[in-house]
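So the chains spell out like this:
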Amino acid sequence: MQEKKHEDPTLPGESVEIPLLAPHLSTPHFPARQIAGYVASLILTGIAFFLVARHALPLSWLLAVVLILAFLQAAIQLGVFMHLREGRGTTWHLPIIGLGLFVGLGIVGFSIWIMLFKSGVS
Amino acid sequence: MRPWFIHLIKLLFPPQVLLPDIVGIDIGLTLSALAIALYLTKARRWGWLWREWLTTVDHKRIGIMYIIAALIMLFRGGVDALMIRSQLIVPEAHFMGAQQYDEVFTTHGTVMIFFMAMPFFFGLFNVAVPLMIGARDVAFPRLNAISFWLFAFGAALFNISFSIGGSPSAGWFSYPPYSELQFNPGVGENYYLLALQVSGIGSIATGINFLVTILKLRAPGMTLMKMPLFVWSALVTSTLILFAFPPLTVALGLTMLDRLFGASFFTLAHEGMPMMYANLFWIFGHPEVYILIMPAFGIFSEVVPTFSRKPLFGYEAMVISLLAITFLSYGVWVHHFFEMGAGPGVNVFFGLSTMLIAIPTGVKMFNWLFTMWGGRIRLSVPMLWQLGFIPTFVVGGASGVMLAAVAADYQYHNSYFVIAHFHNVIVGGTVFGLLSGMYYWWPKMFGWKLNERQGRWAFAFFFTGFWLTFMPQYFLGLEGMTRRMASYPPGLGWGGLNAMSTIGAFIMGVGFAILVYNIAWSRMHPEWDTTGDPWDGRTLEWSLPSPAPAYNFARIPEVHERDAWWAMKQRGETDAVKLSPDQVEPIHVPKNTPMPICLAVSFFVGSIGMVFAWHWMAILGGLGVVAALAYGSLEDDTDRELDPTTVLNTEKRLGRVHP
C-alpha cells in the first residue's frame, strides 16, 4: 500500500521526510527496475519450488541452494522495493534493518536447529 | 428443484449449522439487523453513518470503532466461554455434542485473541498515542482506516462461519494434520485461514503506522526518553507485530495451499511435516502473547502514577525491561512444543530463555509497587483494575516459570494447568489492563465519564469470578484433566472443581453485564467532563478538551520533561496550551475516503470465494482489491486545509483562546 506523500500534518512549515516508507513515486519514466525485480523474484521462487518438488538434489545440497536463493531474493526485495539505497533518513534505517536481519536469520537458523530432530527419529 | 441448487444449499447449510440453538441465534441476529436498518432509515441516519464513521480517517473515531467492535467480540467470546463451562459443570453432560464443543472452544480462543484483545488495544493506541505525543493524526491516516476495515471484515468473515457453512474446529492454533483436508473436510478451516489472513494484513499495517507515528511525529522536545510509557509500549508492540505476523502469514498461507490446491506442506502423506506448522505458528504465537500484554503494561504505567500522584518509579528501568522482554520474546517459542522431542539441547535453551523473561517482568511489578509506595492513592475504577492485576498476573507469571521447566512440562502439557496459566496472564493481565485503559480514556473519547459506583461493582464481580473460575483449573490440571475434553467420566474427583469453575465463569458474566449496563446508564445520565482533565492527569492528552477537536492540537506543544502536562500544571503554565488570535495557522487534515471500506469489502468477497472454492468469486474479489488500490494510488485530492478562522472559532467555543 503506497500512501501518497502529503504535507506533514504535525509541524507547520517543517516537512518530515520518511523516504523509507513514503517514497517519491512520481518519477515519469517507465518502472523497468521494479518490473525486472518482480520477474526476478518470480523466477527465483520458481527455481526453489522446482528443486524441492522434483527432489532434484540431495538434501544437504538442496538446503544450501535454497538458502542461497533466499538471500538473493531478500537482496532484490530490499534493493528494488524497499528503497534501501535511497540516502535520506538513515537514522532509523540501519537499526531497523539490522533488527530485521537479526530476527530473520535467527528464525531461519533456529528453525533448522529445532527441526533437525526429524533426521534423528524418522 | 435443480441439482446445483440443492448442492448449494447443502454446502451453505450442513447439518452442524442446523442445530436448534444456532438457528435461533440466526433468527435473532437477522431480526436485530433488520431493526437497526429500519431505525437508521427512519431516523435518516444512513448519510450520517457514511460521512461521519464509515469513511472517516480520524484516528479518534477509528479508535472508538475498534473499541466498540472489541466489546461486541468480548461478548461473543464470553458467551462461548459460558457454553464451554456449562458443558463441563457435571460429568457426562450433554449440553452440546462433541463437534459443537470443538467449534465453540476454537471460536472462543480465536475471537478472544485476534478479534477482541488486538482490536481493543489498537483502539486505545488510536485514541491515546497521537494525543500523548502531540501529533495531529497518525503518520498514515488512510492506512489506519484500511487497517480497521480489514480487521472488521476479517472478524465478520470469521463470525458468519457458525451460521453459514460451519465453524472451524481445530483449536485457535489449528495444528495440522487435524486441520488438513483429510481430517477436516468442511469449509470451517478455510474460514479460519482467510479471516486471520485478512485481519493480519490490517495488523501489520497498524504496526507500521504506529512505528512511524511514534518515531517521526513527536512534538518538539519530546525525546524518546521523555515519551509516556504507554507510547513506549505502543512502540515495542508495533515492532513485535512487524516481525511476528509474517511467520503467521506464511503458516496460514501454506495450510491454505494444502487445503485448496492439493499441496502437502503439513500433511501426513507425501513427506509433509506437520510440526513445521507448529514451529512457524509459535514463532508468531509467542511474540503474540507479548503483543497482547505490552499495551496493558503501558496502560498501568500511566494509571499508577496518575492515581498515586507520583512520577513513575524507575522510568529508565521500565523502558529497559520493555526492550528486554521484546528481545527475549523472540527466543522462547519452542516452549509451546517441548514434547515434540527436539532434544535436550534445544529444550534446555528455550526453557532457560523463557525463565529469563520473568526477570524484566518482575522489575516492572516492583516498579509499579514502588510508584504506589508513599503515594496519595485514589481508588478510582482504572486503579482498581490495576490493583487486581498485580496479584493475578504474579500468580500467572509464577505458573509460567513452572511450565518453563522442561521435565515438569512433560506433566503439565496440554492439561488444565496450562489453561489456568494462560487465562491468568491474558485475562488477569491483558483484559484487566484493557478495561482499566477503557475507563481511564473513556472521558477523552466521549466527553463524559463512566459511573464510578457501577464500575466498582463490575470490577468486583469480574475479579471474584475470575479467581473462582481459574484457581480450580490448576488443580484440575494436576489431577490429570486434559484440555479440550468435550466431557469427562464421573469418579475422577473432577466434578466439584469443575462446578466451582463454572459458577465463577457465570459470576464473570454478571460482571460483564454490569459493565455494559454501566456504559448504557452513563450514556443516558452523562457526567460531563468540562475540564478535559478529569483524573488530574500527567500526560499531554489531558491538556486537550474532551473530546479533542478533529485536528487535536491547534498549537503543537513544546515538551521539556516527562509528564509534560503535570509539569505545566505545577508551574502554573497551563495557559501555554491556549491560542493567541495572531498565532493561528491553517491546518492540513486528511479527507474522508470510501477507499478503505471498499478495499475491505473486496477482500471479504474474495475470501468468501476462497472459502467455498468458487474461483470466479475469488477473482472478482481480487479485481476489486486491485481496483481499490489503484483508485487510492492515483487519487490526488487527499487532504484539505482548515482555514485559520475555522480553527480560531472552534478553539473559542472550547474556551481555549487568550483574550
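Reading the values: the criteria
- Residues numbered from 1 in each chain as written.
- Chains lettered and ligands numbered in written order.
- Predicted model: local features only at pLDDT ≥ 70, side-chain atom pairs only at ≥ 80, totals over all residues.
- Heavy atoms only, no water.
- Helix = DSSP H or I, 4+ residues; strand = E, 2+ residues; numbered from the N terminus.
- Rg over C-alpha atoms; globule rule 2.2 N^0.38 Å.
- Buried < 20%, exposed > 50% of the residue type's maximum accessible area, 1.4 Å probe, protein only.
- Contact = heavy atoms within 4.5 Å.
- Areas by Shrake-Rupley, 256 points an atom, 1.4 Å probe, with all protein chains shown as cover.
- Lys, Arg positive; Asp, Glu negative; His and termini not counted.
- Charge placed at Lys NZ, Arg CZ, Asp CG, Glu CD.
- Polar contact = N/O pair within 3.5 Å; in protein donor to acceptor, adjacent residues only side chain to side chain.
- Domains from an automatic or database assignment.
- Buried area = accessible area lost by both parts, 1.4 Å probe.
- Salt bridge = Lys/Arg side-chain N within 4 Å of Asp/Glu carboxyl O.
- Axes fitted to C-alpha atoms, helices over the stretch in contact; angles between N-to-C directions.
- Parallel < 35°, antiparallel > 145°, perpendicular 65-115°, else oblique.
- Left-handed = near helix turned anticlockwise from the far one by under 90°.
- Nonpolar A, V, L, I, M, F, W, Y, C, P; charged D, E, K, R; others polar.
- Core = buried A, V, L, I, M, F, W, Y, C linked by side-chain atoms within 4.5 Å.

## Structural notes on the overall build of chain B
Looking only at helices and strands, chain B has 21 helices and four strands in total. Since a compact globule built from 659 residues should have a radius of gyration of about 26 Å, the 25 Å found for chain B is in line with a globular shape. Along the three orthogonal principal directions, the C-alpha set of chain B runs to about 75 × 60 × 45 Å. In chain B, buried positions account for 60% of the 659 residues. In chain B, the proportion of contacts linking residues at least 24 apart, taken out of those at least 6 apart, comes to 82%. A total of about 25,300 Å² of accessible surface is found on chain B, and carbon and sulfur atoms cover 70% of it. Charge centroids of chain B, computed over 39 positive and 39 negative side chains, lie 7 Å from each other.

## Details of the overall build of chain A
The helix and strand tally for chain A stands at four helices and zero strands. The secondary structure elements of chain A, listed N-terminal to C-terminal, are α-α-α-α. The proportion of buried residues among the 122 residues of chain A is 23%. Looking at chain A alone, contacts between residues at least 24 apart form 55% of all its contacts between residues at least 6 apart. In the structure as shown, chain A presents an accessible area of about 8,200 Å², 73% of it carried by carbon and sulfur atoms.

## Quick word on the side chain of glutamine 73 of chain A
Residue and element names in this part refer to chain A. Its location among the elements puts glutamine 73 in helix α2 (residues 59–81). Of the polar contacts made by the side chain of glutamine 73, one reaches the side chain of serine 41; its length is 3.4 Å. Here the side chain of glutamine 73 touches threonine 45 through a polar contact of 3.0 Å, side chain to side chain. Apart from the residues within four sequence positions on either side, glutamine 73 is in contact with Ser41, Leu44 and Thr45.

## Side note on the domain arrangement of chain A
Residues and elements named next belong to chain A. Under the domain assignment, chain A is made up of domain 1 (31–86) and domain 2 (90–122). With five residues of domain 1 in contact, the opposing surface of domain 2 contributes five residues. Taken over both partners, the interface formed by domain 1 and domain 2 buries close to 390 Å², and the fraction arising from carbon and sulfur atoms is 87%. One can count zero salt bridges joining domain 1 with domain 2.

## Topic: the packing of helix α5 (residues 98–132) of chain B against helix α7 (residues 188–216) of chain B
Residue and element names in this part refer to chain B. Where α5 meets α7, the closest approach of the two axes is 12 Å, and the angle between their N-to-C directions is 25°. The pairing of α5 with α7 is recorded here as roughly parallel in orientation. As for the relative orientation of α5 and α7, their crossing is left-handed in sense. On α7, the residues that touch Thr110, Phe114, Phe115, Met118, Phe122, Phe125, Asn126 and Val129 of α5 are Tyr192, Ala195, Leu196, Ser199, Ser203, Thr206, Phe210 and Ile214. Taken together, the residues of the contact of α5 with α7 break down into 11 nonpolar, five polar and no charged.

## Here we look at the nonpolar core
If you look at the biggest cluster of nonpolar residues, it comprises 188 residues, and the most contacted ones within it are Ile114 of chain A together with Phe115, Phe120, Met438 and Trp441 of chain B. Residue contributions to this core peak at 19 residues, all from helix α9 (residues 274–308) of chain B. In this structure, methionine 438 of chain B is in contact with Leu71, Phe120, Leu124, Met445, Leu450, Leu515 and Ile519 of chain B, ignoring residues within four places of it in sequence. The next biggest cluster of nonpolar side chains, apart from the first, holds 16 residues, and it includes Phe105, Tyr416, Ile419 and Trp494 of chain B.

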